[in-house]
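Structural characterization, general
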Amino acid sequence: MIRQAGLMLPRKEYKEPLYRLRQNEYCILLMFEGNLGNKPINRYVSLLEVKKYGLFRNVPDNVSINEISRNCEVID
């Protein structure tokens, strides 16, 4: 009997996203992804200024940008 590789993979458990971002917040974070994203939001003055105006309300300052983008849900 031949088994296909895709059928034998274990299922991943669904995890609730830790952060809820709006589309515009997510687009801003995409610009900082990669090597720049290893630093948290509080290391970038431009992101802190945007946070003062009401963006990134549900996101803590001390979490790295790559971690936020991996564990977020984009809402409208």
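Residues numbered from 1 in each chain as written. Predicted model: local features only at pLDDT ≥ 70, side-chain atom pairs only at ≥ 80, totals over all residues. Heavy atoms only, no water.

**Here we look at the overall build of the protein**
What counts is decided by this rule: In DSSP terms, a helix is any run of H or I states spanning at least four residues, a strand is any run of E spanning at least two, and both are numbered starting from the N terminus. Throughout, exposure labels follow a simple rule: accessible area from a 1.4 Å probe, protein chains only, divided by the maximum for the residue type, with under 20% read as buried, over 50% as exposed, and the rest as partly exposed. The Shrake-Rupley method, run with a 1.4 Å probe, gives the accessible areas here. Residue values count only the displayed protein chains as cover.
Per the secondary structure count, the protein includes three helices and two strands. The linear arrangement of helices and strands in the protein, starting from the amino end, is β-α-α-α-β. Scored against the burial criterion, the 76 residues of the protein give a buried share of 29%. Accessible area for the protein stands at about 6200 Å²; split by element, carbon and sulfur atoms hold 52% of it.

**With respect to the pairing of strand 1 (residues 19-22)**
To keep it simple, the criterion reads: When DSSP finds two or more bridges between a pair of strands, those strands are recorded as paired.
Burial of the side chains of strand 1 is restricted to one face: Y19 and L21 are buried, whereas none of R20 and R22 on the reverse face is. Strand direction decides the pairing type here: strand 1 and strand 2 (residues 72-75), joined by four bridges, are parallel. Bridge pairing in strand 2 links R20 to E73.

**Thoughts on helix 1 (residues 23-31)**
Rule in force here: This arc is taken over the directions from the axis of the helix to the C-beta atoms. In this description, contact between two residues means that some pair of their heavy atoms is separated by no more than 4.5 Å.
For helix 1, the full list of buried residues reads E25, I28 and L29. Along the axis of helix 1, the buried positions cluster into a sector of 100°, meaning they face one direction only. Its buried side turned inward, helix 1 meets strand 1, helix 2 (45-52) and helix 3 (65-70).

**A few points about the pattern of salt bridges**
Pairs may arise between side chains of opposite charge once their charged atoms sit close together. Condition: Here, a salt bridge means any side-chain nitrogen of Lys or Arg that lies within 4 Å of a carboxyl oxygen of Asp or Glu.
Overall, the coordinates contain four salt bridges when judged by the stated rule. Between E25 and R22 there is a salt bridge, and its shortest N-O distance comes to 3.1 Å. Across the pair D61 and K51 runs a salt bridge whose closest N-O atoms are separated by 3.3 Å. Of this pair, D61 sits in the loop between helix 2 and helix 3 while K51 sits in helix 2; the two residues are ten residues apart in sequence, bridging distant segments of the chain.

**Overview of the nonpolar core**
Worth spelling out the cut-off: Remark: nonpolar core denotes a set of buried residues (Ala, Val, Leu, Ile, Met, Phe, Trp, Tyr, Cys) joined through side-chain atoms within 4.5 Å.
One finds L21, L47, F56, I65 and I68 to be the most contacted residues of the largest nonpolar core, which totals 15 residues. Those elements that place two or more of their residues in this core are strand 1, helix 1 and helix 3. Those residues within four positions of F56 in sequence are excluded, and the remaining contacts are L21, E25, I28, L29, L47, V50 and K51.

**Observations concerning unusual backbone geometry**
Positive phi, close to 60°, is recorded for F56, a residue that is not glycine. Looking at the element boundaries, F56 is found in the loop between helix 2 and helix 3. Overall, the relative accessible area of 0% leaves F56 in the buried class.

So far we have only geometry, and geometry alone does not tell us how the molecule works.
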